[in-house]
Amino acid sequence: MASAGADEAAAAAVAAQPRAAISHVIFDMDGLLLDTEGFYTEVQEKILARYGKVFDWSLKAKMMGKKAAESARIFVDECGLDGLLTPEQFLEERESMLQALFPSCTKLPGVLRLIHHLHANGIPMAVATGSHKRHFALKTQNHQVMFSLMHHVVMGDDPEVKAGKPSPDIFLAAMRRFEGNVEPSKCLVFEDAPSGVAAAKNAGMSAVMVPDPRLDVSYHKGADQVLCSLLDFKPIEWGLPPFNE
Ligand SMILES: O=P(O)(O)OC[C@H](O)CO
Ligand SMILES: [Mg+2]
């Protein structure tokens, strides 16, 4: 067993050489802060079952994190539903089911601890979500306090977000809305989706991925760090103030 002295020396070494000198943090929302991805899966499984098809995780990996219209197009194309269902009909069909589910969403493990810690230490935070304004309101209605700690939120239907993730648009817009002149290399993005990790990297930022365990590990590549849960995040590795526990 390592001695207390050895533990302290290891912590000092990590602090002396962080992976990056992060000053600003940007969070994805669905599947990262809020446990909403299961709702999308459930509803999409139901719609696809009507066509005798099964919704699987390779399709999920392509759809998650995207703007609604983009993920609808992927759903129709990948499932071979052209001529049977348009992307617009798909969005309309899933809408009432999603609206009923979103308000009951819960926070994912470790979210509150990390956000309160960063806030207490004066680290500016933002949210960058592919969700549009109407869905954002439904998902966050029971999590207002947490979102009030964000400097700002950028949504998928924001005029500055021309293309959804993996385009860097949303993360660059989030970066520009912080006060001062913030460099991408100083921004750390937390994401659950492969397209979100790619968007962060395309923006020149660091990316910590917290994927669903059902997502194949081949989708982890590109992330600077992959964690099972936000509870495993060690701020000191990124030049951020350490937890006090
Ligand atoms: O993961 P987010 O927060 O970018 O949300 C994207 C979609 O709304 C859900 O996949
Ligand atoms: Mg997400």
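Residues numbered from 1 in each chain as written. Chains lettered and ligands numbered in written order. Predicted model: local features only at pLDDT ≥ 70, side-chain atom pairs only at ≥ 80, totals over all residues. Heavy atoms only, no water.

Those protein atoms acting as donors to the magnesium ion (ligand 2) are Asp28 (OD), Asp30 (O) and Asp192 (OD), and they sit at 2.0 to 2.1 Å. Here the donor residues of the magnesium ion (ligand 2) share one chain and are spaced in sequence as D-x1-D-x161-D. Residue aspartate 30 is found in the loop between β1 (24-27) and α2 (37-49), and its partner aspartate 192 is found in the loop between β4 (187-191) and α10 (194-202); the two are separated by 162 residues along the sequence. A residue is classified by how much of its surface remains accessible, and aspartate 192, at 4% relative accessible area, is buried. (Donors = N, O, S within 2.8 Å, 3.2 Å for Na, K, Ca; no water. Helix = DSSP H or I, 4+ residues; strand = E, 2+ residues; numbered from the N terminus. Buried < 20%, exposed > 50% of the residue type's maximum accessible area, 1.4 Å probe, protein only.)

Around ligand 1 there are 13 residues in total, and Asp28, Asp30, Glu37, Thr129 and Gly130 lie nearest to it. For ligand 1, an oxygen atom lies 2.8 Å from a polar atom in the side chain of aspartate 28. Within the side chain of threonine 129, an N or O atom sits 2.6 Å from an oxygen atom of ligand 1. In the complex, the protein chains occlude 95% of the 300 Å² of accessible area that ligand 1 would expose alone. According to the grid-proximity analysis, the pocket containing ligand 1 is the largest cavity. Here the shell around ligand 1 is built from residues that sort into 3 nonpolar, 4 polar and 6 charged. (Near = heavy atom within 4 Å. Polar contact = N/O pair within 3.5 Å; in protein donor to acceptor, adjacent residues only side chain to side chain. Areas by Shrake-Rupley, 256 points an atom, 1.4 Å probe, with all protein chains shown as cover. 1 Å grid on protein atoms, 1.4 Å probe; cavity = no way out; pocket = protein on both sides within 12 Å on 5 of 7 lines; lining within 4 Å. Sits in = over half its atoms within 2 Å of the grid points. Nonpolar A, V, L, I, M, F, W, Y, C, P; charged D, E, K, R; others polar.)

What follows concerns the layout of surface pockets. In this structure, the largest pocket spans a volume of roughly 300 Å³. In terms of residue class, the lining of the largest pocket is built from 10 nonpolar, 4 polar and 5 charged. (Points joined across faces, edges and corners; volume = space filled by probe spheres on them.)

Worth remembering: the numbers are spatial, not functional.
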